[in-house]
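Understanding the architecture of this molecule
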Amino acid sequence: MTIDTDILKNEEKISFALRSLYHRRGYAPYRMSKFEEYELYMKNKDFLRSPQVITFTDTNGKLMALKPDVTLSIVRTYRHVPNEAQKLYYDENVYRVSESAGAFREIRQAGVECLGADDACIGEVLGLALESLDIVSPENRLCVSPLGIVEGMLDALQLENDARREVLRCMGEKNIHELRAVCGSAGVTPQDAEKLTGLTLCTASPQDAAKALAAVGCPEVLLGEAEKLAAMLPPACAGRVSLDFSILGDMRYYNALAFQGYVRGVPSGILSGGCYDRLLKRMGKPGRAIGFACYLDKLERLEVRARA
């Protein structure tokens, strides 16, 4: 039987290509039900992109939810095996509030998760993220934030929790004016506030990161984090990855790295991921983990642009 690919939507063609890529790289398919017990999401609402979840009561009286996320379900079922990485890929619909529409939507996403990861796995996943962007469009960019540098600079300032959250929010929004104001209210010296604004605006390749970070006043002890990232990246990533310290995710869960992928023609990131060892720990699982998702619903903009 032959399939006429001309009848497929753009996101369907890309979905098939992504699944084929992940399968060739040795990742196993992960499939799940459309719904899970609501308790899983209630306990981890701050990990979700939107805290709002569609719920219903099952015939047995349990409160269920249409799944708003895949990673939480994968972590819940993960069984740690020492010195063995569990590599999974998925192509699933999730149900959550759309960033563009501001209302609940069925959103298709494809991605990979590597649990029990080591440095080699982290480099592999970053390489897969770039290959995924290549499938979507040749005009792409992967932006990575070594979170250890951000945490180290904030730890040195000894900010209280509320002030720290406000600083991170301003950095994530690249709101320099408000960042300076928040720092002033928290008692941060103007010199240290300028270091944070410099970090927020810092852009460089991983290979040039140490020099760029030293120029904005990053402590020398933290420069090794950027050098470690550069060492983990596959050679094919050279010249295609930029540092962007405004990409933070939720640092209650993410650690080490957070990243986003962009393609020309779509104003927001179409790929998002990071290391989430803290989520494993919160759910009572040992080890390290990294993953990302491609948001296929955003590719409609590319299809419209191609027809224009």
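Residues numbered from 1 in each chain as written. Predicted model: local features only at pLDDT ≥ 70, side-chain atom pairs only at ≥ 80, totals over all residues. Heavy atoms only, no water.

Broken down by element type, the protein chain carries twelve helices and eleven strands. In terms of overall size, the protein chain behaves like a compact globule, its C-alpha atoms giving a radius of gyration of 20 Å where 308 residues would be expected to give roughly 19 Å. Taken across its 308 residues, the protein chain has 50% of its residues classed as buried. Taking the contacts inside the protein chain whose residues are at least 6 apart along the sequence as the reference set, 69% of them involve residues at least 24 apart. As presented, the protein chain carries roughly 15100 Å² of accessible surface, and 50% of it is formed by carbon and sulfur atoms. Charge centroids of the protein chain, computed over 39 positive and 41 negative side chains, lie 2 Å from each other. (Helix = DSSP H or I, 4+ residues; strand = E, 2+ residues; numbered from the N terminus. Rg over C-alpha atoms; globule rule 2.2 N^0.38 Å. Buried < 20%, exposed > 50% of the residue type's maximum accessible area, 1.4 Å probe, protein only. Contact = heavy atoms within 4.5 Å. Areas by Shrake-Rupley, 256 points an atom, 1.4 Å probe, with all protein chains shown as cover. Lys, Arg positive; Asp, Glu negative; His and termini not counted. Charge placed at Lys NZ, Arg CZ, Asp CG, Glu CD.)

Here we take up the sheet that holds strand S7 (residues 140-146). In spatial order, the strands read S1-S5-S6-S11-S10-S9-S7-S8; together these eight strands make up an open sheet with mixed pairing. This sheet does not close on itself; its edge strands, each paired only once, are strand S1 (28-29) and strand S8 (241-243). Note that strand S5 (residues 86-97) and strand S6 (residues 104-115) share twelve bridges and pair antiparallel. Looking at the pairing, Tyr 90 lines up with Gly 111 of S6. With respect to the sheet, helix H1 (residues 10-24) is in contact with S5, S6 and strand S11 (289-295), its orientation differing from that of S6 by roughly 15°. Contacts from helix H5 (residues 147-157) reach S7 and strand S9 (255-263), with the element oriented near 40° to S7. (Pairing = 2+ DSSP bridges. Axes fitted to C-alpha atoms, helices over the stretch in contact; angles between N-to-C directions.)

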